[in-house]
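Below, each chain spelled out in residue letters.
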Number of protein chains: 2
Amino acid sequence: MNGPTPDEVVRGFITACARRDVDGAVAVLADDVEYDNVPIGKVFGPAAVRAVLTGDIFAAAAECEWVIVRQVATGPVVMNERIDRFRIGDRWLEIPVVGIFELDDGRIRLWRDYFDLGDYRQQKPDLLA
Amino acid sequence: MNGPTPDEVVRGFITACARRDVDGAVAVLADDVEYDNVPIGKVFGPAAVRAVLTGDIFAAAAECEWVIVRQVATGPVVMNERIDRFRIGDRWLEIPVVGIFELDDGRIRLWRDYFDLGDYRQQKPDLLA
C-alpha cells in the first residue's frame, strides 16, 4: 500500500522522459492514458505516447533536460512548471511548459502540457536547419 | 492568524477578475506583485495589473467567465487550469490557461499565466472585427 506518491510518480516520469528512458516513462502510464499537448493535439494510450517520446524533437536532440521549476500536488492531481530543454547541435531549444497530471491507482492517466506553440516554432526551424 | 488559505485567496482573486471587481482583485496583490503573461510579457505592481484588468480584452468584453477546471496547492504555491471566457458581441472567446500563483503573507506576489498566444490571436481579430 505504500507506493510512491503522485508527486514522486510525476517526478520519476519527467526524469525518465528527459533521459529518453522511454520504457521507464511508459511503465507509469495507465492503459487508457490521454496525452494532450494542448496547442498541437491529443494522443491516447501508452504506444502513442511512446511514439511521441521517440519521434520528432526527441529524435533530433542530442541531449534533453527537463527542469521542474515548481511542482504542486493535491490528491491525485499534480501540476508542474517546467523548462523543457533540447540540445540540437550546439544550441539549446528551451520551452516553458506547465504540465497537468491526473493519476489513477498510481499511474498517470492524464498528461496535459500547456505552452506557446509560436515560441516553440520560432526556435525550432532555426535549430533544425 | 486564521486568514484564508492560499487556495481560497486565488479562488477569490479569479472570481474578482472575472466579475471585473478590479478593486477586489488588486486588494489581494502584494505591493511588489509580478504578473507574467508568459507569451506576451511581464508587468510589475498593483497599478500595472489594474491597467491590464481594465484594458484591451477586458474593455472589449461585455461579460467574462473564468472557469477553474482544476486547482492544486502546496504551501504558498497554487496552480490552476482554467478556461478564461470573454463575451464580445454575441460570441465567446475562450482561452485555455494555466495559472501559477505564489503567495507571501496572504497576498499574491507572483501571477504567471501560460497559454497559446496563436490560439488567442486567431480568435480575437475576428471577434473584434
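Okay, so let's go over this structure. This is a predicted model, so every value here is computed, not measured. (Residues numbered from 1 in each chain as written. Chains lettered and ligands numbered in written order. Predicted model: local features only at pLDDT ≥ 70, side-chain atom pairs only at ≥ 80, totals over all residues. Heavy atoms only, no water.)

This part covers unusual backbone geometry. Even without glycine at this site, aspartate 105 of chain A takes up a positive phi of about 55°. Topologically, aspartate 105 of chain A is positioned in the loop between β5 (91-104) and β6 (107-114). Look at aspartate 105 of chain A and you get exposed, because its relative accessible area is 77%. With a phi close to 45°, aspartate 56 of chain B is a non-glycine residue in the positive phi region. Topologically, aspartate 56 of chain B is positioned in helix α4 (residues 56-60). (Helix = DSSP H or I, 4+ residues; strand = E, 2+ residues; numbered from the N terminus. Buried < 20%, exposed > 50% of the residue type's maximum accessible area, 1.4 Å probe, protein only.)

The next subject is the sheet that holds strand β4 (residues 77-88) of chain B. Residue and element names in this part refer to chain B. The sheet built from six strands is open, its strands ordered β2-β1-β6-β5-β4-β3 with mixed pairing. At either margin of the open sheet sits one strand with a lone partner, and together these are β2 (41-44) and β3 (63-74). The average angle at which neighbouring strand axes cross in this sheet is 20°, direction not considered. Pairing geometry for strand β5 (residues 91-104) and strand β6 (residues 107-114), over seven bridges, is antiparallel. Across the sheet, aspartate 104 pairs through a bridge with arginine 107, a residue of β6. Of the strands in this sheet, β1 (29-37), β3, β4, β5 and β6 touch helix α1 (residues 6-18), which is tilted by about 170° from β3. In the packing of helix α3 (residues 46-54) onto the sheet, contacts are made with β1, β2 and β6, and the angle to β1 comes to roughly 45°. (Pairing = 2+ DSSP bridges. Axes fitted to C-alpha atoms, helices over the stretch in contact; angles between N-to-C directions. Contact = heavy atoms within 4.5 Å.)

Our focus in this paragraph is the packing of aromatic side chains. This structure, assessed with the given rule, holds 18 aromatic pairs over all chains. Note on phenylalanine 13 of chain A and phenylalanine 101 of chain A: the rings are 6.4 Å apart at their centroids and 75° apart in plane angle, and the pair reads as edge-to-face. Here phenylalanine 13 of chain A is found in helix α1 (residues 6-18), whereas its partner phenylalanine 101 of chain A is found in strand β5, with 88 residues between them in sequence. Across the pair, phenylalanine 101 of chain A and phenylalanine 13 of chain A agree in class, each one buried. Judged by centre distance (6.3 Å) and plane angle (15°), the rings of phenylalanine 101 of chain B and tryptophan 111 of chain B are stacked. You can see phenylalanine 101 of chain B sitting in strand β5 and its partner tryptophan 111 of chain B sitting in strand β6, a full ten residues away along the chain. (Phe/Tyr/Trp six-rings, centres within 6.5 Å; stacked < 30°, edge-to-face > 60°.)

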